Amino acid sequence: MPDDKPNLEFLIEADGFNSGAGKIETAAWLKYVSSVAKLTGLRERDSIFEVGCGSGAFLYEFYKKGHRVGGIDYSPSLIELAAFAMPGMDFEVKEALETESDPMYDFVVANSVFQYFPSYDYAEDTILKMYHKAERIVGILDLNDSAHEEEALRIRRGALTEGEYERKYAGLNHLFYERDFVAKVLAGQKASVRVYDQRIENYGNNKFRFNVVIEKW
Ligand SMILES: C[S@@+](CC[C@H](N)C(=O)[O-])C[C@H]1O[C@@H](n2cnc3c(N)ncnc32)[C@H](O)[C@@H]1O
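Residues numbered from 1 in each chain as written. Predicted model: local features only at pLDDT ≥ 70, side-chain atom pairs only at ≥ 80, totals over all residues. Heavy atoms only, no water.

S.K.: Help me understand the packing of aromatic side chains, please; the structure alone is not making it clear to me.
M.R.: Two measures describe an aromatic ring pair: the distance that separates the ring centres and the angle between the ring planes. Scanning the model with the defined rule gives 12 aromatic pairs in all. Arranged with centres 6.3 Å apart and planes meeting at 25°, the rings of Tyr60 and Tyr63 form a pair that is stacked. Of the two residues, Tyr60 and Tyr63 are both situated in helix α3 (residues 57-64); the distance of three residues between them amounts to about one turn of the helix. Their ring planes at 70° and their centres at 5.0 Å tell us that Tyr177 and Phe181 sit as a pair that is edge-to-face. Counting every residue linked through ring pairs, the aromatic cluster contains Phe114, Phe117, Tyr120, Tyr122, Tyr177 and Phe181. For the cation-ring pair, Arg68 lies above Tyr105, with the distance from its terminal atom to the ring centre recorded as 4.4 Å. Over the face of the ring belonging to Tyr131 we find Lys216, whose NZ or CZ atom lies 4.3 Å from the ring centre. (Phe/Tyr/Trp six-rings, centres within 6.5 Å; stacked < 30°, edge-to-face > 60°. Helix = DSSP H or I, 4+ residues; strand = E, 2+ residues; numbered from the N terminus. Lys NZ or Arg CZ within 6 Å of the ring centre and 35° of its normal.)

S.K.: Could you clarify how one ought to interpret unusual backbone geometry in this entry?
M.R.: Peptide bonds are trans in most cases, and residues, glycine excluded, mostly fall at negative phi. Across the junction of Asp102 and Pro103, the peptide omega takes the value 0°, indicating a cis bond. Looking at the element boundaries, Pro103 is found in the loop between β3 (90-93) and β4 (105-111). For Asn202, which is not glycine, the phi torsion reads 60° and is therefore positive. Along the polypeptide, Asn202 turns up in the loop between β6 (191-197) and β7 (209-216).

S.K.: What should I look at first to understand the pairing of strand β2 (residues 69-73) in this one?
M.R.: The side chains of a regular strand alternate, first on one face of the sheet and then on the other. Of all five residues in β2, five are buried; the element is thus mostly enclosed. Of the two faces of β2, the one holding Val69, Gly71 and Asp73 and the one holding Gly70 and Ile72 are both buried throughout. As paired strands, strand β1 (residues 48-51) and β2 are joined by four bridges and run parallel to one another. Counterpart to Ile48 in the pairing with β2 is Val69. In the classification by handedness, the crossover that spans β1, the intervening α3 and the parallel β2 is right-handed. Relative to β3, β2 runs parallel, the two sharing four bridges. By the bridge assignment, Asp73 is partnered in β3 with Val93. Read as a crossover between parallel neighbours, the route from β2 over helix α4 (residues 76-85) to β3 is right-handed. (Buried < 20%, exposed > 50% of the residue type's maximum accessible area, 1.4 Å probe, protein only. Pairing = 2+ DSSP bridges. Right-handed = clockwise from strand over helix to strand, strands pointing away.)

S.K.: Hey, could you run me through the sheet that holds β2 in this one?
M.R.: Whether parallel or antiparallel, the strands of a sheet pair through hydrogen bonds between backbone atoms. Spatial strand order, β3-β2-β1-β4-β5-β7-β6: seven strands in an open sheet with mixed pairing. Of all the strands in the sheet, just β3 and β6 have a single pairing partner and so form its edges. Neighbour to neighbour, the strand axes of the sheet diverge by 15° on average, direction disregarded. Relative to β7, β6 runs antiparallel, the two sharing seven bridges. Looking at the pairing, Tyr196 lines up with Asn211 of β7. Where helix α5 (residues 120-133) meets the sheet, its contacts fall on β1, β4, β5 (134-144), β6 and β7, and the angle it forms with β5 comes to roughly 150°. (Axes fitted to C-alpha atoms, helices over the stretch in contact; angles between N-to-C directions. Contact = heavy atoms within 4.5 Å.)

S.K.: Looking at this structure, I do not really get the site of the ligand. What am I missing?
M.R.: Close contacts around the ligand come from 21 residues, with Asp15, Glu50, Gly52, Asp73 and Asn111 the closest. In this structure, a nitrogen atom belonging to the ligand sits 2.8 Å away from a side-chain N or O atom of Glu50. Summarising the interface, the protein chains cover 94% of the accessible area of the ligand, which totals 600 Å² for the free molecule. Looking at the shell around the ligand residue by residue, the class counts come to 12 nonpolar, four polar and five charged. (Near = heavy atom within 4 Å. Polar contact = N/O pair within 3.5 Å; in protein donor to acceptor, adjacent residues only side chain to side chain. Areas by Shrake-Rupley, 256 points an atom, 1.4 Å probe, with all protein chains shown as cover. Nonpolar A, V, L, I, M, F, W, Y, C, P; charged D, E, K, R; others polar.)

S.K.: How should I be thinking about the packing of helix α2 (residues 26-40) against α3 in this particular structure?
M.R.: Helix-helix packing: each pair is described by the crossing angle between the helix axes and the interaxial distance. Direction vectors running N to C along α2 and α3 enclose 70°, while the axes themselves pass 10 Å from each other. Viewed along their axes, α2 and α3 adopt a mutual orientation that is roughly perpendicular. The residues of α3 that touch α2, namely those facing Trp29, Leu30, Tyr32, Val33, Val36 and Ala37, are Ala57, Phe58, Glu61 and Phe62. (Parallel < 35°, antiparallel > 145°, perpendicular 65-115°, else oblique.)

In short, shape yes, function no, at least from these values alone.
Shown next as structure tokens:
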């Protein structure tokens, strides 16, 4: 835990966006966060809840602008950091699947989290829970695109031999999603689902990722 209040750069690093293709600079992060606010039609007083919030890098600028924010993550050390950075907000150590609908928030989001889920059933159930927690909008952001799975794996595998790769990444396989995965899960719910390419300045993963914005009606 840092002695002083962590700044955004510190939170971005703590959430793992600090190396390789996944590196994101602070200025690029700020542009990304404000583009999400625009895409989702976020209003000045809207509350925001993040599933898999980590140390709260995604939420931090919204908190600074006066939005009420909250989040869950299964990492106790990251939740401790989020609570330290954003005092008075609602942070809890919990699995994504344990998302509760009460209290509801205007905007419920998960940024760069769904690739770590253990199964597609887990992802489906989490999407439905996020949908029920949201008053108006759900954002499922930075999803791994199944159309680029082979290329993404080839890059990740890099120069490693088959055996080295298995040892390094055993049990750490990312999930990849079809672009209509979320729309299929929410078929029959009162919602419109839009899909966008990922566009973060100098982010090496742009090509392999997409964003989904769900509006309830
Ligand atoms: C790449 S970080 C992104 C953190 C944050 N969303 C952000 O954008 O800064 C992924 C986060 O997902 C969390 N995570 C992964 N699987 C999870 C699960 N099943 N339940 C809760 N948190 C999870 C990790 O602990 C980590 O904090």
